Amino acid sequence: MTLSDNLRGAGLMMASMALFTINDAFMKSLAGEVPLVQAVFLRGLITVVVMLGLLRLIGTPRVALSRRDRGLILVRNAAEVATSYLFLQALFNMPIANASAIMQATPLTVSLAGAVFLGQAIGWRRLLAILLGFGGILMIVRPGLEGFTVYSLYALGAVLMVTARDIFARMISPEVPSLMIASSNAVSVTLAFGIAFLFTSWEPMELSHALNLVGAALAIVGAYFCAVATMRQGDIAFIAPFRYTSLLTAIVLGLAIFGEVPDALTLLGGAIVVATGVFTLWREGQRRKAVIR
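This one's a predicted model, so the numbers in the text were calculated from it and none came from an experiment.

Q: Would you explain the overall build of the chain in this entry?
A: Along the backbone of the chain there are twelve helices and zero strands. For the chain, the N- to C-terminal ordering of α and β elements is α-α-α-α-α-α-α-α-α-α-α-α. In the chain, which comprises 293 residues, the proportion classed as buried is 44%. Pairs at least 24 residues apart make up 90% of the contacts formed inside the chain by residues separated by at least 6 positions. Of the roughly 14,800 Å² that the chain leaves accessible, carbon and sulfur atoms contribute 68%.

In structure tokens form, the structure reads like this:
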């Protein structure tokens, strides 16, 4: 049976989200055993070597970047570095399902930022969905309640940085290859954490630690390539909601590997965020169809 572009895109999106979450699980397994800066730097070295090798094998067109695009890529990379630090700090110190659930707010914040900074139209239905989604986030974070930790704020900071990263990405000229941007991200994160590593001490690692880092690097390379391929398949409005499968993967891995069982409030908050995000993406698809007609 031949799959449609939409089904191939959905499959690639689910694969990308699963691989990103598997990377998170590998990294979380190093918490308390390998310092964060050391772990990210070493993972980055492996990631950069693999990505540059694949890019050389596959090949990518040479593009003369404008000064504007170079600046946008630079600030996007800075947002990626901040995202890596904030999210991994949260991941190392809170259940993987909770951190993943908070990150599901990204499509909502990107839609809101697009309206504020890019002048994109946003109707009252999508605005209401965004507000409900933020209510779901508050159910997960629970500020002022016993379950609240400062690392929930790290996860929220990561959401803001991902939002900035995606807004800058939309401003980059479409002629710039996605793989070039992704490779630039990987190099920037590795360099930033490499510089930070100069001011920290090396902690001896066991074979299991090294294997976890290799697994994380291979997972994130696969996730990058699936994410790029996803954007070249089918209708984005159909494919985008499948990004939320990452939350299911996080819950399964959290339970199977770390013995973490999300409480009812976290699951309810996550369900609200996912539902409002799917509605927001659906409304975006409807708006685009109306414009085409």
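Q: Help me out: how do you make sense of the packing of aromatic side chains in this one?
A: To describe a pair of aromatic rings, one takes the distance between the centres and the angle between the planes. One pass over the structure, following the stated rule, counts five aromatic pairs. Against the face of phenylalanine 258 rests lysine 28, its NZ or CZ located 5.6 Å from the ring centre.

Q: Explain the pattern of salt bridges to me, please; I cannot follow it from the model alone.
A: Any two side chains of opposite charge can pair, so long as their charged atoms come close to each other. One pass over the structure, following the stated rule, counts four salt bridges. Here glutamate 260 and lysine 28 are joined by a salt bridge, their closest N and O atoms 3.6 Å apart. Of this pair, glutamate 260 sits in the loop between α11 (245-258) and α12 (264-292) while lysine 28 sits in helix α1 (residues 5-28); the two residues are 232 residues apart in sequence, bridging distant segments of the chain. For lysine 28, a relative accessible area of 9% corresponds to the buried category. Among the charged side chains, a salt-bridge network with shared partners connects Glu80, Arg165 and Asp166.

Q: Is there a simple way to explain the confidence of the model for the chain in this structure?
A: Note that predicted coordinates carrying low pLDDT should not be read in detail. Here the chain shows a mean pLDDT of 83. Residues at 70 or above account for 86%. Across the chain, the element-wise mean pLDDT spans from 65 in helix α10 (residues 236-239) up to 92 in helix α3 (residues 67-93).

Q: How should I be thinking about a nonpolar patch on the surface in this particular structure?
A: Taken together, the side chains of Ile195, Leu198 and Phe199 present a nonpolar region at the surface, about 410 Å² in accessible area. With respect to the helices and strands, phenylalanine 199 occurs in the loop between α8 (178-197) and α9 (207-230).

Q: Sorry, what's going on with the environment of arginine 8 here?
A: Mapping arginine 8 onto the fold places it in helix α1. Residue arginine 8 is classed as partly exposed on the basis of its relative accessible area, which comes to 34%. Residues arginine 8 and alanine 229, spaced 221 residues apart in sequence, show a C-alpha to C-alpha distance of 9.5 Å.

Thresholds applied
Residues numbered from 1 in each chain as written. Predicted model: local features only at pLDDT ≥ 70, side-chain atom pairs only at ≥ 80, totals over all residues. Heavy atoms only, no water. Helix = DSSP H or I, 4+ residues; strand = E, 2+ residues; numbered from the N terminus. Buried < 20%, exposed > 50% of the residue type's maximum accessible area, 1.4 Å probe, protein only. Contact = heavy atoms within 4.5 Å. Areas by Shrake-Rupley, 256 points an atom, 1.4 Å probe, with all protein chains shown as cover. Phe/Tyr/Trp six-rings, centres within 6.5 Å; stacked < 30°, edge-to-face > 60°. Lys NZ or Arg CZ within 6 Å of the ring centre and 35° of its normal. Salt bridge = Lys/Arg side-chain N within 4 Å of Asp/Glu carboxyl O. pLDDT = per-residue confidence, 0-100. Patch = residues over 30% accessible without salt bridge, like charges linked within 9 Å, V, L, I, M, F, W, Y side chains within 5 Å.

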